[in-house]
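Each chain, written out:
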Amino acid sequence: MLSVDQVSVEQPLSPKEQEWAGPEALCPGWLDEEVSDGEVPEDTGDPDSATHGYELLQSALRQEGLPLTVDHTKEPRTGFGPLDMTVCILGSPTAFLPILLEGGSRCPGAMVLCLSPTWASRVPSETSPGAWSLLLSQGVSFEAGGHSALEVFVPPRRATYVTGTFRPGTESSWVGELARDLDCPTGGSVPLAHWLEDPVATRRVLAARAGLHVPPTLAFVLGTEGALPKDPAPPGVYLVRLQDPQGQESLVREEVCAFLGGTAMKPYSQVAVRPAGWRWRGTGTRSTHGKAEGAAVAAAVVARLSGLQEEESVLLEALVPTARLPAPPPRSAAPRLPMALRICTVVCRSWGDRPQLCQVACGMGRAEAPVRHGAALPLGLDSSLQQWGLADPGHRQALAERLRGAAEDAMTALLAAEAELSPAQRGGARACTDILGVDFLLSCVDDTLELVALSANCQRCLESCLLAEAMGRDVGEPAGDLPRLLAEALLHRAQCHLVEGKDILLIGAGGVSKSFVWEAAREYGLRIHLVESDPEHFAAGLVQTFLPYDSREHQRDEEHAERVAELVRARDLRPHACLSYWDDCVVLAALVCQRLGLRGSPPAAVRLAKQKSRTHQHLQCCRRGRPPPAAFAVPCQRLRSHGDVERAAGAVPFPAVAKLEFGAGGVGVRLVESARQCHAHAARLWRDLRADADYPGIGLGWGNAMLLMEYVPGTEHDVDLVLFEGRLLGAWVSDNGPTRLPAFLETAAVLPSCLPADRQAQLVRAALQCCRACGLLDGVFNVELKLGPGGPRLLEINPRMGGFYLRDWIRAVYGPDLLLAAVLVALGLPPVLPARPAPRAHLAGVMCLASEHGPALRHGGLAALQGLQRRGLVRLNPLFEEAGGQYEEPCLSVACAGGSPAEACGRLLGLCQALGIDSPRYPVDHFLSHFK
């Protein structure tokens, strides 16, 4: 934060002439009409909408150097089904064109532009009583490479996501009507646009819930009802409701006098009076006054009241000047004129409904002139701050981070308030704001430089930021992130809608570490039909259908698959997909998919990955490629008897790693220095761990065979992959800390990886090649590797989503949900994932063991951690309920977040020291040493 001696407030200039860059600024509409030289469709009977919009689209495409739209209306498109994604944009093509083009590149054919009400129809919803489905009979669809086509859809195509230009204009009425009360997610509505662009409502929310500074405001609102939030009025934002605008002179004088003399107005010398409401948007109707002119201000308010309609208001607000920095030594004798700086931000509802700042653009001008959207060419934030006088790069970066937090906090607050509105007030039960603009000023508040939130808007900031990106491309700047982020957000929302109501056959419930599955199923609207060996499993009451079936003897999985298929048919279930998140059941799930004709990895590929020695032996035979998959395999031998130990000792050098062939969770994995140690370890395992009942969930249903593999030095890493038809859609790399040798139980981890990008790329490519070589082409997979000076070496492939904390961490740091990705792939849909994932934070975590930490956790430690979790200061992932023993697994993962790995590790270490998790026997500082 900049200190007071770096800031001085600009003196107000020319009170009667000054115009404040307020929220009612002008905004650009559609492009000027220009005759198209591309193909023009036949007259639709709606020339003011479809033909004009089509010509505007061609003009915009031509200016971008893209192919003009091809008319395919004489060859109707057919074959659209319930799993086809359709993101429909209603109205003007110009504001959303970059998003349509980006979406067409990511998901060819999924983005459809509707230019006329005659191109769409509304029919009663089959799934949501009282709602409507939007069917498109015609539209402009977008493909890769900037190609677009005007198409007719037979039968009409069902929209899975809808948004559009919800603003005043010729298309406003039909856009709003088509988007009202739909059964699919709707990014905005006319009622929501009215609510968002009402400065009275939004300023109260931004001040009360987001804790942001807003201009001191006194609002005289006509009417006694409305959608204003129920929060107590925050300091500086006052509301007076009037039933009748006539005869209110005395009340107005009283309120105006109190407001002008109040504490909130103390730093300011000027005010503006203007009408507010959707009808007055963009009119620029206002008057400015000195704070001392109380009588004139009151008279101006009274004069404005006479023209109000129900729920409109007259605003009396402080004119907040841009803070002025001390002038640097002059380079010339020319005077340095006071400047006005307006910052506009675009925030979207990203994965997990979390706000994400997408872009910032600034408008600069003379302090006495308006800085309005569309009235001046935008600049980037860093350049604007430099021009404004903020020379220190560190200060500019700090201010950018504060702006990110303020913009995202603003959207969080507005979404929370929006969710409290009734469906009628929102324009439908599925209507919500997915793209939001928030305008800020930089001003001096209580002797410090602060961001002041002016207003929210639906589209003006978006247009300004898209213009800034287009200007950057004009001078050779790389493409910005805004269209990509918004297209990903809209496509993701459409995919979430596609999975709603889908029937998922889930094989194996797992333990407490998989409890998130049931909450996620409810969140996504999945109908889970669970096949589980434990008839008393706690998940029985959390699913649509519970099918108890004992499949623990996995060597008979072929027989089990037939029995499960019979159970499904007997219950007349028709699952859309079948999968498993539980390691023991992945082969059974693949076999069930095969028998029910559902999409999934081939059972042979899953078997190959499940049996660790076969994985490496198969890869050693894969010698095509540069480098071939064989380069990542590690010499290993299967052990089923002590005779095998002797033979393996001659083929695998010591030290080596001995572990269960089908094991999971690191149970029974041990470093052995000699054949004698290997014999002893094998004897213990074969004595103690014989069947699934001895230790459920670690693969003993497959037998207790072991393997001996070469010890690979280096750091250990997890790579979580999403593959669709062999194509890599997403990859996330995490780092593991050193283990407590001779055991290999996980101790600590960080996400994102601390490795340089090229080293991470090595790990991802090795994991990808290993999966492909094993035949794992569709699904979510977890690959464990070691990384040494010679590159990556494979430890094992888990043909399912990563376990322990990985799904939760990846969702928290990057946004996407591996569980949802697995469902989408199983349904035959390529998940939309971030093309360039950027971490929102760094997480560092440590594993707790019952044998080491049980007393500390039981005597107040766990309660303290749960309290910190409720405050958002730690992340807890319960893993296993069983107490420790010779073959224990971690019982709890404890993680802290930070802006860097060092910060996250520092917080975690301090927490572990305070709670007794760190000890000489369990040195957390050592476990975190790889990450510093």
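Please refer to the structure higher up on the page.
None of these values were measured; they are calculated from a predicted model. Position numbers for residues count from 1 along each chain, tracking the sequence in the order it is written. Per-residue local features of the predicted model are confined to residues with pLDDT of at least 70, and side-chain atom pairs are confined, for both listing and counting, to 80 or more; whole-chain, interface and lining totals are unaffected and use all residues. To obtain the side-chain values, all non-hydrogen atoms of the structure were used and water was disregarded.

## A short note on the overall build of the chain
Under the scheme used here, helices are H or I runs from DSSP no shorter than 4 residues and strands are E runs no shorter than 2 residues, and both carry numbers assigned from the N terminus. Tallying secondary structure elements over the chain gives 25 helices and 36 strands in all. A radius of gyration in this sense is built from C-alpha atoms; the matching globule rule multiplies 2.2 Å by the number of residues raised to 0.38. The C-alpha atoms of the chain give a radius of gyration of 31 Å, which matches the 30 Å a tight globule of 932 residues would have. In terms of principal-axis extent, the alpha carbons of the chain reach across some 100 × 70 × 55 Å. Whether two residues are in contact is decided by their heavy atoms: any pair within 4.5 Å suffices. Restricting to contacts in the chain with at least 6 residues of sequence separation, those with at least 24 account for 69%. For the chain, the exposed area adds up to about 36800 Å²; of that, 52% sits on carbon and sulfur atoms. One way to put it: in the chain the 87 positive side-chain charges average out to a point 5 Å from where the 105 negative ones average out. In this description, accessible areas are obtained by the Shrake-Rupley approach with a 1.4 Å probe, and a residue is regarded as covered only by the protein chains that are shown. Only four residue types enter the tally: Lys and Arg on the positive side, Asp and Glu on the negative side, with His and both chain ends excluded. By convention, the point assigned to a charge is CZ for Arg, NZ for Lys, CD for Glu and CG for Asp.

## Quick notes on unusual backbone geometry
The omega torsion across V154 and P155 is -10°, close enough to zero to call that bond cis. Locating P155 in the fold gives a position in strand β7 (residues 148-158). Residue P655 is reached from F654 by a cis peptide bond, and omega for that bond is 0°. Summarising the element assignment, P655 is placed in the loop between α18 (642-649) and β26 (656-660). Within the chain, D572 stands out as a residue other than glycine whose phi angle is a positive 55°. Residue placement: D572 occurs in the loop between α14 (557-570) and β24 (577-579). Notably, F804 is not glycine yet its phi reads approximately 55°, a positive angle. Looking at where F804 falls in the secondary structure, it is placed in the loop between β33 (791-798) and α21 (806-813).

## Observations regarding empty space enclosed by the protein
Cavity and pocket criteria rest on a 1 Å grid covering protein atoms alone: a 1.4 Å probe that fits but cannot get out defines a cavity, protein on both sides within 12 Å along at least 5 of 7 lines defines an open pocket, and an atom within 4 Å of a point defines a lining residue. Grid points are joined across faces, edges and corners, and a volume is the space filled by probe spheres set on the points. Counting across every chain of the model gives 12 cavities of 30 Å³ or more. Its boundaries defined by the atoms lining it, the largest cavity holds a volume of some 770 Å³. Around the largest cavity, the lining is made up of 44 residues, and of these A664, G665, G666, E784 and E796 lie nearest the centre. Going through the elements one at a time, β26, β28 (706-710), β29 (715-724), β32 (779-788) and β33 are the ones with two or more residues in the lining of the largest cavity. Considered as a void within the structure, the second largest cavity measures approximately 320 Å³ in volume. Lining the second largest cavity we find 23 residues, and of these L579, S601, D778, G779 and P799 sit closest to its centre.

## A few points about the pattern of salt bridges
Whenever a carboxyl oxygen of Asp or Glu lies within 4 Å of a side-chain nitrogen of Lys or Arg, that contact is scored as a salt bridge. Scanning the entire structure with this criterion turns up 46 salt bridges. In this structure, R209 and E420 form a salt bridge, with 2.8 Å as the shortest nitrogen-oxygen distance. Here R209 is found in the loop between α5 (199-208) and β10 (217-222), whereas its partner E420 is found in the loop between α9 (393-419) and α10 (423-426), with 211 residues between them in sequence. Accessible area is worked out with a 1.4 Å probe on protein chains only. A residue is then buried under 20% of its type maximum, exposed over 50%, and partly exposed in between. On the basis of relative accessible area, R209 is assigned to the partly exposed category, the value being 27%. With its nearest N and O atoms 2.5 Å apart, the salt bridge here joins R907 to E903. Placement of both R907 and E903 in helix α24 (residues 901-915) is noted, with a separation of 4 residues, approximately one turn of the helix. Counted as one network, the salt bridges with shared partners bring together R106, D481, R484, E488 and R836.

## Looking at the pairing of β29
Where burial is concerned, most of β29 is hidden: 9 out of the 10 residues are buried. Strands are labelled as partners when DSSP assigns at least two bridges between them. Sheet topology note: the β29/β32 ladder contains 9 bridges and is antiparallel. Note on β32: the bridge partner recorded for V719 is V783. By the bridge criterion, 9 bridges tie β29 to strand β30 (residues 727-736) in an arrangement that is antiparallel. Paired with D720 across the strands is W732, a residue of β30. The antiparallel hairpin formed by β29 and β30 contains 2 residues in its connecting segment, where E725 sits at a positive phi of about 55°.

## Here we look at the environment of C771
By the secondary structure assignment, C771 is in helix α20 (residues 757-774). Separated by 162 residues in sequence, C771 and A609 have C-alpha atoms that sit 8.4 Å apart. In contact with C771, other than residues within four places in its own chain, are L721, L723, L776, F781, V783 and I797.

## Let's talk about the environment of A367
Relative to the helices and strands, A367 resides in the loop between β17 (355-366) and α8 (381-388). Assessed through its relative accessible area of 13%, A367 is described here as buried. Linking A367 and M339, residues 28 residues apart in sequence, is a C-alpha distance of 4.6 Å.

## Considerations on the layout of surface pockets
In this structure, the largest pocket encloses a volume near 1400 Å³. The wall of the largest pocket is formed by 48 residues, among which L357, C358, Q359, R404 and D481 lie closest to the centre. Elements represented by at least two residues in the lining of the largest pocket include exactly β17, α8, α9, α11 (460-474), α12 (482-499) and β36 (892-898). In terms of residues, the lining of the largest pocket owes the most to one element, α9, which gives 7 residues. Gly is placed with the polar residues, together with every amino acid not listed as nonpolar (Ala, Val, Leu, Ile, Met, Phe, Trp, Tyr, Cys and Pro) or charged (Asp, Glu, Lys and Arg). Classifying every residue of the lining of the largest pocket gives 22 nonpolar, 11 polar and 15 charged.

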